[in-house]
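# Architecture at a glance
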Amino acid sequence: MRSVTYSMSVSLDGYIVGPDGGFDWTTPDEEIFRFWIDEIRDVGVHLMGRRLYETMLYWETADQDLSLDAASLEWTALWKPLPKVVFSRTLSEVRGTARLASAGPAEEIERLRAEPGTGDIAIGGATLAAEVADAGLIDEYRAMVHPVLVGGGVPFFPHHERRVDLELVETRTFSSKVVYLRYRVPR
């Protein structure tokens, strides 16, 4: 069965976006960008909310930018054809290989797991991840922890009223002092 993963960059104080809506502190250096390129290779479909979808739209046409470096072109070549499911109450259409969700996250994940396909079902965005987590559907949490305190904003882990025990699977410290943490939900 396909795993559901939630993976985002996060400040040390637990936010994916700061109080001003900024996330410039998550800009990856070459080593981290290479890591994300390798991670996206294992993704079969990416589920995201409207805000993340709109942020990632850049990559739908980035390959037309002649000044892009080789790593950015490689990321674009992997991201563009990747199937995406967008959860939005305000968008009426999406572009590229994206489609608007026709059901709630739990139903979409159930359908994706039943369909033939390979690769993880990746969740992007804290609001969507919170709903999927509440349904007990996240198999792995992957946090790229940046050495910065932003003091508020959108939390990586929205407040839940239930406990979830996790099993540490992998850690990695990058030369930029960013720490990758990968946890599995024991089943």
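Here is a short report on the structure shown in this document. As the structure is a prediction and not an experimental result, all values here were calculated from the model. (Residues numbered from 1 in each chain as written. Predicted model: local features only at pLDDT ≥ 70, side-chain atom pairs only at ≥ 80, totals over all residues. Heavy atoms only, no water.)

A separate point is helix 4 (residues 70-79). Restricting attention to buried positions, one finds in helix 4 the residues A71, S72, W75, T76 and W79. Down the axis of helix 4, the smallest arc covering the buried residues is 140 degrees, so these residues share one side. In helix 4, the exposed positions that point more than 90 degrees away from the buried face belong to A70 and A77. Lining the buried residues of helix 4 we find helix 1 (30-40), strand 3 (43-49), helix 2 (50-56), helix 3 (58-61) and strand 4 (84-87). (Buried < 20%, exposed > 50% of the residue type's maximum accessible area, 1.4 Å probe, protein only. Helix = DSSP H or I, 4+ residues; strand = E, 2+ residues; numbered from the N terminus. Arc of directions from axis to C-beta. Contact = heavy atoms within 4.5 Å.)

The next subject is the pattern of salt bridges. Using the criterion set out here, one finds 19 salt bridges in the structure. In this structure, the salt-bridge partner of R34 is E74, at a minimum N-O distance of 2.8 Å. With R34 in helix 1 and E74 in helix 4, the pair connects residues that are 40 residues apart, well separated along the chain. Take R34: its relative accessible area is 35%, and that puts it in the partly exposed class. (Salt bridge = Lys/Arg side-chain N within 4 Å of Asp/Glu carboxyl O.)

Moving on: helix 5 (residues 105-114). Inspection of helix 5 places P105, E108, I109 and L112 among the buried residues, and these make up the whole buried set. Seen along its axis, helix 5 keeps its buried residues to an arc of 95 degrees; they face one direction. For helix 5, exposure combined with an orientation more than 90 degrees from the buried face picks out E110 and A114.

Moving on to the environment of I16. Relative to the helices and strands, I16 is located in strand 2 (residues 15-17). Look at I16 and you get buried, because its relative accessible area is 9%. Residues I16 and S67 lie 51 residues apart in sequence; the distance between their C-alpha atoms is 28 Å. Not counting the four nearest positions on each side in its chain, I16 is found in contact with Y6, M8, S9, F23, W25, A126, V154 and F156.

On to the sheet that holds strand 1 (residues 4-11). Within a sheet, adjacent strands bond to each other through the backbone by hydrogen bonds, running parallel or antiparallel. Taken together, the eight strands give an open sheet; going across it, the order is 5-4-3-6-1-7-10-9, and neighbouring strands pair in mixed fashion. Unpaired on one side and paired on the other, strand 5 (98-100) and strand 9 (167-173) mark the two borders of the sheet. The sheet shows a mean angle of 20 degrees between the axes of neighbouring strands, direction not considered. Across the sheet, helix 5 lies against strand 1, strand 3, strand 4, strand 5 and strand 6 (120-124), angled at about 160 degrees from strand 6, the strand it touches most. Against the sheet, helix 6 (residues 126-134) makes contact with strand 1, strand 3, strand 4, strand 6 and strand 7 (140-146), and its axis sits at roughly 125 degrees relative to strand 6, the strand it touches most. (Pairing = 2+ DSSP bridges. Axes fitted to C-alpha atoms, helices over the stretch in contact; angles between N-to-C directions.)

Another aspect to go through is a negative patch on the surface. A cluster of acidic residues, E107, E110, E131 and D134, forms a negative patch on the protein surface. At the level of secondary structure, the elements contributing two or more residues to the negative patch comprise helix 5 and helix 6. Mapped onto the fold, D134 is located in helix 6. (Patch = residues over 30% accessible without salt bridge, like charges linked within 9 Å, V, L, I, M, F, W, Y side chains within 5 Å. Areas by Shrake-Rupley, 256 points an atom, 1.4 Å probe, with all protein chains shown as cover. Lys, Arg positive; Asp, Glu negative; His and termini not counted. Charge placed at Lys NZ, Arg CZ, Asp CG, Glu CD.)

What follows is about the packing of helix 1 against helix 4. At a closest axis distance of 10 Å, the pairing of helix 1 and helix 4 adopts a crossing angle of 20 degrees. What the angle tells us is that helix 1 and helix 4 run roughly parallel. The element helix 1 and its partner helix 4 pack so that their crossing is left-handed. For the pair formed by helix 1 and helix 4, the contact residues are F33, R34, W36, I37 and I40 on the first element and A71, S72, E74, W75, L78 and W79 on the second. (Parallel < 35°, antiparallel > 145°, perpendicular 65-115°, else oblique. Left-handed = near helix turned anticlockwise from the far one by under 90°.)

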